[in-house]
Amino acid sequence: MKIGPKAQLGGIIAALIISTMTAGLYTYETMTGNSVLADSLEIVGFCPYSAEHTSEIAGPTGATGSSGVTGNTGATGSSGVAGNTGATGNTGATGSSGVTGNTGATGSSGVAGNTGATGNTGATGNTGATGAVGATGATGPIGECPNSVDINSVTGDFVPSRDNIFSLGSSTFRWKGLQLGPGTLWIEDKTTGKQAGITIDDGTLLIDGAENIRLGNILITTTGIRSVLSNNDITIGATGDTGYLSVAHGIKFSDGSTLLTASGATGATGATGATGPRGATGATGETGATGPAGGPSAPLVLGTQAGSLNPPAVLNLNNQAFEFSSGTWVLPDGTEGKLIYFVMGTGGNAVDIFLEVNHLRIIESGVAKVVVNKKWQPFPLTGGTQTASLFSALYTHNAWNITGGRLQT
């Protein structure tokens, strides 16, 4: 088969292109130490090696040895002699007008010449000896990833190729900041396997799926605050603070009791309990020394306190007798067995004399009872006439017993 000059030229050009590319790539890899695959990976944004685990960059590569001398190309074989072209046959005579004449017979084609024999391929030259390897360069500094993934160029979800395997950053190669938009940061509970979501909504930090939050030994639960160490106090505030602990409603203790105020309002006085049984009579004490004999007519100590004071004057029970004209006084509770007397002063008016008594025993329908904080008139009128100027009161069993008078209605 004959190969034309154009085909031979195309083959030579293709061979030159391939040889040139091969030589260029070889020279590039020899001088830089990088492979075409690594450079291709760098172009798409991934490191061809792990910057964290690579401790050093290789020093410069030693000089490459000289290439061997290329052998001589064998001589091209001679082309065969082209064959003679056959003689062209005679053209047939043209027929007369009207009826088309018969086409003359086609002349015979000449015999094709024989193709010359292909020359023998020349012997391949010997490969040159490999040059000596250059000395290894000094160790370079710790390398960094020359390229990284541009997050701005990611137009879809950024998903790892395997689940729960890879980390984002490390202890030696850290991210400087993390910017998140409105959304939720999900973290899986390593015990239950459930996910907890961290969200901020209108200034409130929400942790959905987490029942407790622990800060050191302080545990914030769904019902309150407690210490992980049960014998540790929980301190609110610090020494030197001047602010107060403000409680919106009150304090409730474990026994169910509550504290709504530190002082507490005084509750209403409860009803008087039933009189207890009389205690056993105590042993008789020793007889005291006999005092000096009194005069046959030793007088009682008489009190004459004013009755026009506001609030009313409290009667001094160190006295045994009290003289009244007009006004109001307070008769406090006495000691067991205390006996006092009330006398009408000259010019006194029975209708204008009142005693405010804490506890007073009276009789209604033959039954005794104790009334509390009542006004008592010790000198009542009978039919509009004053009948007595002396009355008495004896204090027994937490109440005064009186000889007369009446309660103010």
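Refer to the preceding data block for the structure.
A brief look at the structure comes next. (Residues numbered from 1 in each chain as written. Predicted model: local features only at pLDDT ≥ 70, side-chain atom pairs only at ≥ 80, totals over all residues. Heavy atoms only, no water.)

## A short note on the overall build of the protein
Note the cut-off: By definition, any uninterrupted DSSP run of H or I lasting at least four residues is a helix, any uninterrupted run of E lasting at least two residues is a strand, and each is numbered from the N terminus. Remark: exposure states derive from per-residue accessible area (1.4 Å probe, protein chains only) relative to the maximum for the residue type, with buried under 20%, exposed over 50%, and partly exposed in between. Contacts between residues were defined by any pair of non-hydrogen atoms, one from each residue, lying within 4.5 Å. For every accessible area listed, the method is Shrake-Rupley and the probe measures 1.4 Å; residues are considered covered only by the protein chains on display.
Along the backbone of the protein there are 2 helices and 20 strands. Counting only residues that meet the buried cut, the protein has 13% of its 409 residues in that class. When contacts within the protein are restricted to residue pairs at least 6 apart in sequence, long-range pairs at least 24 apart make up 47% of them. Within the structure as shown, the protein displays about 32900 Å² of accessible surface, and the carbon and sulfur contribution to it stands at 55%.

## Structural notes on the sheet that holds strand β4 (residues 213–215)
Two modes of strand pairing occur in sheets, parallel and antiparallel, and in both the strands are linked by backbone hydrogen bonds. For clarity, the threshold we go by: Pairing between strands is defined by DSSP: at least two bridges between them are needed. Axis angles are defined between N-to-C directions and span 0 to 180 degrees, where every axis is a line fitted to C-alpha atoms and, for a helix, only to the segment in contact.
Pairing is antiparallel across the open sheet formed by 3 strands, whose spatial order is β4-β5-β6. Each edge of the open sheet carries a strand with a single partner, namely β4 and β6 (225–227). The average undirected angle you get between the axes of adjacent strands in this sheet is 25°. Here β4 pairs with strand β5 (residues 218–220) via 3 bridges, running antiparallel. Its bridge partner lying in β5, leucine 215 is registered against isoleucine 218.

## Here's the deal with the nonpolar core
Condition: Side-chain atoms within 4.5 Å are what join buried Ala, Val, Leu, Ile, Met, Phe, Trp, Tyr and Cys residues into a set we call a nonpolar core.
Within the largest apolar cluster, 22 residues are counted, with the highest numbers of intra-cluster contacts made by Phe324, Phe342 and Trp400. Secondary structure elements with two or more residues in this core: β11 (321–324), β12 (327–331), β13 (339–344), β14 (353–364), β15 (367–377) and β18 (390–396). Take this core: its biggest share by element is 5 residues, from β14. If we skip the residues at most four places from it in the chain, phenylalanine 342 touches Leu315, Phe322, Phe324, Leu331, Leu355, Trp376, Phe379, Ser389, Leu390, Phe391 and Ala393.

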